[in-house]
Amino acid sequence: MSGWLFVFAAGLAEVAGVIAMNAIKQRPSALAYARLVLCFGVSFGLLSLGLKSGMSIAIAYAVWVGIGTVGAVVVGILRYGESARPLRLFFVALVLAAVVGLKLIG
């Protein structure tokens, strides 16, 4: 189970990295770049720990990307006013369903 926690935390760190990327887009600074490197470094490190726990690389990577994708879309909608059209939300729900499905079979 701890592998799943590492991969979930890695996905959240990836979302933090996406937020840092947007901060760089809005106002580049050394601090914003440092946050970007730190967030993605933590994300990769946690993903590595998840893999070391025995998780399959295919499942760990798919879950990590899925969490990052869904998280980035949710942050984009809630924080940056991006589109929340029903069809977009439907496809995000499909990604989320795939992550949950991988957890159930993993």
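Scroll up a little and you will see the structure.
Residues numbered from 1 in each chain as written. Predicted model: local features only at pLDDT ≥ 70, side-chain atom pairs only at ≥ 80, totals over all residues. Heavy atoms only, no water.

Peer 1: An account of the packing of aromatic side chains is needed here, citing residue identities and associated values.
Peer 2: The geometry of two aromatic rings is summed up by the distance between their centres and the angle between their planes. Tallied over the entire structure, the rule returns three aromatic pairs. Look at phenylalanine 90 and phenylalanine 91: their rings are 5.2 Å apart centre to centre, the planes differ by 70°, and that puts the pair in the edge-to-face class. Classification of phenylalanine 90 by relative accessible area gives partly exposed; the value is 46%. Of the aromatic side chains, those joined through ring pairs into one cluster are Phe44, Tyr61 and Trp64. (Phe/Tyr/Trp six-rings, centres within 6.5 Å; stacked < 30°, edge-to-face > 60°. Buried < 20%, exposed > 50% of the residue type's maximum accessible area, 1.4 Å probe, protein only.)

Peer 1: Before we move on, can you summarise the environment of alanine 84 with the specific residues and values?
Peer 2: With respect to the helices, strands and loops of the structure, alanine 84 is situated in the loop between helix H3 (57-80) and helix H4 (86-105). According to the relative accessible area criterion, alanine 84 is partly exposed, its value standing at 40%. A sequence separation of 42 residues divides alanine 84 from valine 42, and the C-alpha atoms of the two residues are 29 Å apart. In contact with alanine 84, not counting residues within four places along its chain, are Ile77 and Leu89. (Helix = DSSP H or I, 4+ residues; strand = E, 2+ residues; numbered from the N terminus. Contact = heavy atoms within 4.5 Å.)

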